[in-house]
Amino acid sequence: MSTQKSIKLSDYVEYPYLIPKIYLDFDIRNDYVVVQSSMIIKPKLNESSKLILQGNRIKLLSISINGKELNKDDYEINDKELIIDSTPISEFELKIKSQIDPFRNTSLEGLYLSSGMLTTQCEAEGFRSISYHPDRPDVLSKYTVRLEADRTLYPILLSNGNKKYSGYLSNNNLRHEIIWEDPFLKPSYLFALVAGKLNLVSERYTTNSGRLIDIKIYVESGDEKYTKHAINSLKKAMKWDEDKYGLEYDLDEYKIVAVRHFNMGAMENKGLNIFNSKLVLADSKTSTDDELERIESVIAHEYFHNWTGNRITCRDWFQLSLKEGLTVFRDQSFTSDLHSPGLKRIEDVSFLRNFQFIEDKGPTSHAVKPKEYIAIDNFYTTTIYEKGAELIRMLELMLGKERFFKGMNLYIKTFDGSAATTEDFINSLIKGAYLEEKNCPFDVKKFLNWYYKSGTPKVHIDQSWDSKNSILNVSFKQQVDCDKISDNTEMVIPILYSCYSREKELIPIVEDNLFVLDKNNKNLKIKLPGEKEAPVLSIFRGFSSPVVWESDLSINDYLFLFLNDNDYFSRWNSGQFLMREIIKKRLCNNANYSLEDKFIYAIKKSIKSLEVNDPFFLATLLTTPGFAELESLFEKVDPINIYRESLNFQVLIGNKILHQLKILAKNLLVNINHEWPMGKGERKLLGTIWSYLTLTGDKIVKKNCIESISHPSMTIARAALGALKPLDSPETEEASNSFYNIWKENPVVLDSWFAYEASRPNKQGIDVIEKLLSHSKFDWKAPNAIRAVLGGFSKNIELFHSHDGQGYLFMADKLIEVDKINPITASRIVKVFSKWKSYVDKNKEGMYESILRINKANISSNTREVVELILK
């Protein structure tokens with residue numbers, strides 16, 4: 001069992017010292033790095049107290065205060081801390097000389113080696129592996145950094161801020177040095193350093209005020225041609241933030257480095273973003289349309305952090321969603337403005353339901369603002385990011401855009417250059433919007449329950465029609481299950497609704513009205529003069545709150561909304577509900593053939609109305625519910641049966657609309673060659689149609705898919721692979737081999753092949769996964785590669801969930817291996833076992849045995865925390 005003590009929000013104490021300035025000197029040698037730090041330190045209370053600094057795997061060489069060397073009796077040192085018993089009562093200078101070994105660091109935290117390049121990852125607690133420091137986000141300093149290294153091994157030396165000096169050493173022209181200065185206060189987790197052989201691609205951006213910003217992207221040789229999309233995305237983000245929020249970039253240059261070995265997607269280090277290479281290196285030949293949009297979004301996300309995360313950071317890690325939830329909201333808004341708001345909303349909701357809602361139901365459920373943690377790395381979750389973004393979205397909806405931006409302006413003006421809390425942010429929004437909390441139209445204290453409570457609220461909706469007075473009475477009841485226990489907590493739940501007349505033209509008779517459910521039970525009266533029949537209620541339009549709901553809408557109501565609702569989300573959601581109903585009834589041996597016929601008729605009508613005007617939306621409407629959503633329909637989950645019935649449903653649909661799909665596919669081939677974002681709707685729809693037609697056994701489409709593997713659009717090539725994936729056929733094998741041969745020298749693209757091979761049905765079973773893990777192109781040090789194979793394997797439903805339990809045991813053994821190399825990656829993948837209690841007995845027993853095997857192993861605190869939560 002874990003012996004590590006949890007860190008609690010209630011124990012927060014302000015750090016007793018200010019550290020306004022830090023000077024860091026890195027002397028990079030062949031097998032070690034000497035780090036010298038000089039910190040100007042000010043006691044806050046002008047009295048002597050213990051100075052506690054964090055340190056991990058650091059060899060201390062010397063330490064002095066105000067130039068005086070400390071004796072060993074003057075300080076304590078252990079494997080985690082350096083404690084100086086007594087310090088001067090006024091400002092002093094602390095100098096520490098130490099040595100670290102980044103060349104044997106496989107954790108991908110602190111300073112480490114990646115493909116011959118030294119790079120850093122300091123969020124959340126990596127800086128303590130570089131230099132002794134408080135390493136907490138509420139200690140803000142201005143950093144000056146000197147880097148020295150062999151100029152042939154490390155020709156590029158980068159750090160945060162602006163470059164102040166560079167040159168060769170006077171006594172050794174084989175070595176060079178460079179000095180970087182960041183004029184802005186920042187916490188240690190935003191420190192960054194990169195040293196290595198890199199090529200530069202640069203462009204310039206002119207701000208609205210006329211300042212020139214140098215954009216510099218550093219990549220390995222040969223990757224320069226893949227940077228144009230990232231540069232364009234960054235320029236769009238800079239322009240959007242200036243126009244939307246009035247926020248301009250504040251340094252002379254903006255640097256991005258692409259790194260193969262990186263635990264996260266990207267890191268917003270001030271002025272020196274470090275990116276997983278998958279999220280920088282891209283064009284339409286190497287990345288799908290979805291990936292290009294994702295890269296655009298992530299580039300923007302890290303840029304937006306410059307203000308919401310860097311200039312204003314979080315006081316402690318319990319406030320993590322303050323920077324991440326807010327910045328996800330900003331990057332979602334950016335993508336929505338650049339592309340389609342309705343389609344972007346559906347994409348975000350689908351992700352939320354298939355990942356965050358599942359997390360909320362499971363053993364690792366936690367609040368957006370958690371009360372305690374053991375390893376903070378385990379809290380970089382969909383709850384912190386995506387659910388956190390939904391809370392900001394609700395605030396914008398209830399405040400209105402104009403008041404919301406007034407509140408944002410006040411927040412930035414008040415807390416620029418400081419470390420803030422969630423409550424600081426909410427109070428600033430309300431004060432900026434309404435001056436005083438009492439003027440706010442909703443209960444702020446109740447709204448904060450969204451941050452404090454775990455779980456997904458559930459809303460029950462019942463309607464009654466008063467035909468005499470033409471009034472629709474709607475009763476709402478909210479239920480909050482916190483820590484799996486239902487309580488009487490009242491949440492503020494904004495509900496956007498419309499009403500459609502059954503008699504008149506298909507336009508709303510009441511459109512996008514806002515109702516705020518802020519009590520356990522609350523009623524709404526909707527007056528509809530002249531209406532003789534009860535209207536069709538369109539509820540939670542735009543997914544106005546991150547909740548689940550049950551209503552008394554009839555099947556015919558959902559069919560009506562699926563065909564006629566003018567809200568993208570509501571129309572899609574109605575279709576998803578109907579698909580879930582059909583699949584669920586089939587799984588319960590209670591097929592509703594009447595519903596199936598009505599739904600197929602509705603699909604045919606949708607094809608006619610959308611095939612030309614909105615092919616992307618049509619593809620979205622034809623996409624079946626996610627596997628996790630289908631699992632959540634059942635008390636006892638039989639994953640293999642659910643998977644098979646989901647495929648059977650697609651076969652049913654494909655056969656019923658076979659003629660329309662074939663014609664549509666033929667017509668779409670004309671418009672798929674336009675450069676992104678043009679033509680993405682046609683490409684999306686073609687891939688969706690292929691998925692239906694291959695399952696019906698269409699030989700011509702199978703042949704088209706094989707031929708499309710070499711298509712110049714990666715979207716088309718991957719769509720062809722995806723369409724063939726469920727078949728375990730000669731065509732699938734041929735397509736996979738062809739894709740590999742084309743892309744075997746590109747590790748970023750090859751990760752998608754590893755994921756494909758691991759996730760597709762294959763008669764060779766687990767032997768295939770073993771071969772992938774021992775493949776000459778597989779890189780155990782690259783989290784992308786590990787996630788591709790083990791993550792792909794977890795999606796190989798019939799293999800991973802095999803009733804003999806061998807899939808689970810194999811995963812357990814591999815995660816124990818991964819944990820020794822990279823605990824962060826292991827602790828994230830181990831969550832595939834989170835739902836073990838919800839499965840039918842055979843799967844439940846197999847999963848339990850595998851979790852116990854992991855728990856008995858010598859695993860990291862990161863992985864142990866997750867495993868113990870799963871077992872609890």
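Our structure's up above, just so we're on the same page.
Residues numbered from 1 in each chain as written. Predicted model: local features only at pLDDT ≥ 70, side-chain atom pairs only at ≥ 80, totals over all residues. Heavy atoms only, no water.

Asks: Tell me about the overall build of the protein chain, and please be specific about residues and values.
Replies: Along its length, the protein chain carries 28 helices and 32 strands. Its C-alpha atoms give the protein chain a radius of gyration of 28 Å, near enough to 29 Å, the size a compact globule of 872 residues would have. Along the three orthogonal principal directions, the C-alpha set of the protein chain runs to about 90 × 65 × 60 Å. Counting the 872 residues in the protein chain, one finds 59% classified as buried. (Helix = DSSP H or I, 4+ residues; strand = E, 2+ residues; numbered from the N terminus. Rg over C-alpha atoms; globule rule 2.2 N^0.38 Å. Buried < 20%, exposed > 50% of the residue type's maximum accessible area, 1.4 Å probe, protein only.)

Asks: Account for empty space enclosed by the protein, naming residues and giving values.
Replies: In the structure shown here, the tally under the stated rule is 3 cavities of 30 Å³ or more. Taken as a whole, the largest cavity spans an internal volume of roughly 80 Å³. Lining the largest cavity, in full, are Leu537, Ser538, Ile539, Trp549, Leu553, Tyr558, Leu561, Asp565, Phe569, Ser570, Asn573 and Ser574. The element best represented in the lining of the largest cavity is helix α11 (residues 568-587), accounting for 4 residues. Tallied by class, the residues present in the lining of the largest cavity amount to 7 nonpolar, 4 polar and 1 charged. (1 Å grid on protein atoms, 1.4 Å probe; cavity = no way out; pocket = protein on both sides within 12 Å on 5 of 7 lines; lining within 4 Å. Points joined across faces, edges and corners; volume = space filled by probe spheres on them. Nonpolar A, V, L, I, M, F, W, Y, C, P; charged D, E, K, R; others polar.)

Asks: Report on the nonpolar core, specifying residues and quantitative values.
Replies: Leu94, Phe447 and Phe833 are the most contacted members of the largest nonpolar core, which totals 274 residues. Sorting elements by how many residues they give to this core places helix α5 (residues 382-399) first, with 9 residues. With residues near it in sequence (within four places) discarded, Leu94 still touches Ser37, Ser38, Met39, Ile41, Leu51, Leu53, Ile63, Ser64, Ile65 and Ile84. (Core = buried A, V, L, I, M, F, W, Y, C linked by side-chain atoms within 4.5 Å. Contact = heavy atoms within 4.5 Å.)

Asks: Explain the packing of aromatic side chains to me, and be specific about the residues and the numbers.
Replies: In the structure shown here, the tally under the stated rule is 46 aromatic pairs. Look at Phe318 and Tyr373: their rings are 5.0 Å apart centre to centre, the planes differ by 45°, and that puts the pair in the tilted class. Taken together, the positions of Phe318 in the loop between β22 (312-314) and α3 (320-338) and Tyr373 in strand β23 (residues 372-373) put the pair 55 residues apart, joining distant regions of the chain. The class of Tyr373 is buried, set by a relative accessible area of 6%. For the ring pair Phe404 and Phe405, a centre distance of 5.7 Å and an interplane angle of 75° mean the geometry is edge-to-face. By relative accessible area, Phe405 is classed as buried at 17%. Grouping aromatic residues by their ring pairs yields a cluster made of Trp240, Tyr245, Tyr249, Tyr254, Tyr303, Phe304, Phe329, Phe334, Phe404 and Phe405. (Phe/Tyr/Trp six-rings, centres within 6.5 Å; stacked < 30°, edge-to-face > 60°.)

Asks: Describe the pairing of strand β17 (residues 199-206), with residues and values.
Replies: Direction of pairing for β17 relative to strand β18 (residues 212-219): antiparallel, over a ladder of 8 bridges. Following the sheet pairing, Asn199 is matched in β18 by Val219. What sits between β17 and β18 in their antiparallel hairpin is a turn of 5 residues, with Gly210 showing a positive phi close to 95°. (Pairing = 2+ DSSP bridges.)

Asks: Before we move on, could you go through helix α7 (residues 422-434) and cite the residues and values that matter?
Replies: The first and last C-alpha atoms of α7 sit 18 Å apart over 13 residues, in line with the 18 Å expected at 1.5 Å per residue. All of the buried residues along α7 are Thr422, Phe425, Ile426, Ser428, Leu429, Ile430, Gly432, Ala433 and Tyr434. Packing partners of the buried residues in α7 comprise α3, α5, α6 (401-415), α8 (444-447) and α9 (449-452). Once α7 ends, the next one or two residues include Leu435, with phi positive near 70°. (Expected span 1.5 Å × (residues − 1).)

Asks: Lay out helix α12 (residues 593-610) in plain terms, naming residues and giving numbers.
Replies: Taking 1.5 Å per residue, 18 residues should reach 26 Å; α12 reaches 25 Å between its end C-alpha atoms and fits that length. What α12 keeps buried is the set Leu595, Glu596, Phe599, Ile600, Ala602, Ile603, Ser606, Ile607 and Leu610. The buried residues of α12 occupy an angular sector of 160° when the element is viewed end-on, so they sit on one face. Across α12 from its buried face, at more than 90 degrees, point the exposed residues Tyr593, Tyr601 and Lys608. (Arc of directions from axis to C-beta.)

Asks: Residue-level account of the sheet that holds strand β6 (residues 68-69), with values.
Replies: In space, the 8 strands of this open sheet follow the order β6-β5-β9-β3-β2-β12-β15-β14, with mixed pairing throughout. Of all the strands in the sheet, the pair left with one neighbour each is β6 and β14 (162-169). By the bridge criterion, 7 bridges tie strand β2 (residues 17-28) to strand β12 (residues 142-150) in an arrangement that is parallel. Residue pairing for β12: Lys21 is matched across the bridge by Lys142.

Asks: How would you sum up the environment of Asn71? Please name residues and give values.
Replies: By the element assignment, Asn71 lies in the loop between β6 and β7 (75-77). The exposure class of Asn71 is exposed, given its relative accessible area of 52%. Between the C-alpha atom of Asn71 and that of His133, which follows or precedes it by 62 residues, the distance is 19 Å.

Asks: Can you tell me about the packing of α3 against α5, naming the residues and giving the values?
Replies: At a minimum axis distance of 7 Å, the contact between α3 and α5 shows a crossing angle of 70°. If you check the angle between α3 and α5, you find them roughly perpendicular. The interaxial crossing formed by α3 with α5 has right-handed handedness. Within the contact between the two elements, α3 uses Leu320, Ser321, Glu324, Gly325, Leu326, Val328, Phe329 and Gln332 and α5 uses Ile384, Tyr385, Gly388, Ala389, Ile392, Arg393 and Glu396. A breakdown of the residues in the contact of α3 with α5 according to their chemical character gives 8 nonpolar, 4 polar and 3 charged. (Axes fitted to C-alpha atoms, helices over the stretch in contact; angles between N-to-C directions. Parallel < 35°, antiparallel > 145°, perpendicular 65-115°, else oblique. Left-handed = near helix turned anticlockwise from the far one by under 90°.)

Asks: I'd like a rundown of the packing of helix α4 (residues 341-361) against α11, residues and numbers included.
Replies: One way to put it is that α4 packs onto α11 with a least axis distance of 9 Å and a crossing angle of 40°. In terms of orientation, α4 and α11 fall into the oblique class. Taken as a pair, α4 and α11 cross one another with a handedness that is right-handed. Counted together, Gly342, Leu343, Ile346, Val349, Ser350 and Arg353 of α4 and Tyr568, Phe569, Trp572, Asn573 and Arg580 of α11 form the full contact between these two elements. Here the contact of α4 with α11 is built from residues that sort into 6 nonpolar, 3 polar and 2 charged.

Asks: Describe in detail unusual backbone geometry, supporting the description with residues and values.
Replies: One can expect most non-glycine residues to show negative phi and most peptide bonds to be in trans. In this chain, Glu123 is followed by Ala124 through a cis amide linkage whose omega measures 10°. Turning to its location among the elements, Ala124 is positioned in the loop between β11 (117-121) and β12. The omega torsion across Trp676 and Pro677 is 5°, close enough to zero to call that bond cis. Positive phi, normally seen in glycine, also occurs at Ser470, with a value near 55°. Mapping Ser470 onto the fold places it in the loop between β25 (458-466) and β26 (471-482). With a phi angle near 50°, Asp728 is a residue other than glycine that sits in the positive phi range. Assessed through its relative accessible area of 24%, Asp728 is described here as partly exposed.

Asks: Describe a positive patch on the surface, with residues and values.
Replies: A cluster of basic side chains, namely Lys604, Lys605, Lys608 and Lys656, defines a positive patch on the protein surface. Among the elements that line the positive patch, the one with the most residues is α12, at 3 residues. Mapped onto the fold, Lys604 is located in helix α12. Taking relative accessible area as the criterion, Lys604 reaches 31% and is therefore assigned partly exposed. (Patch = residues over 30% accessible without salt bridge, like charges linked within 9 Å, V, L, I, M, F, W, Y side chains within 5 Å. Areas by Shrake-Rupley, 256 points an atom, 1.4 Å probe, with all protein chains shown as cover. Salt bridge = Lys/Arg side-chain N within 4 Å of Asp/Glu carboxyl O. Lys, Arg positive; Asp, Glu negative; His and termini not counted. Charge placed at Lys NZ, Arg CZ, Asp CG, Glu CD.)

Asks: Break down a negative patch on the surface for me, citing the residues and quoting the values.
Replies: A surface patch of like charges, here negative, comprises Asp73, Asp74, Glu76 and Asp85. Within the secondary structure layout, Glu76 lies in strand β7. In this structure Glu76 comes out as partly exposed when scored by relative accessible area, which is 39%.

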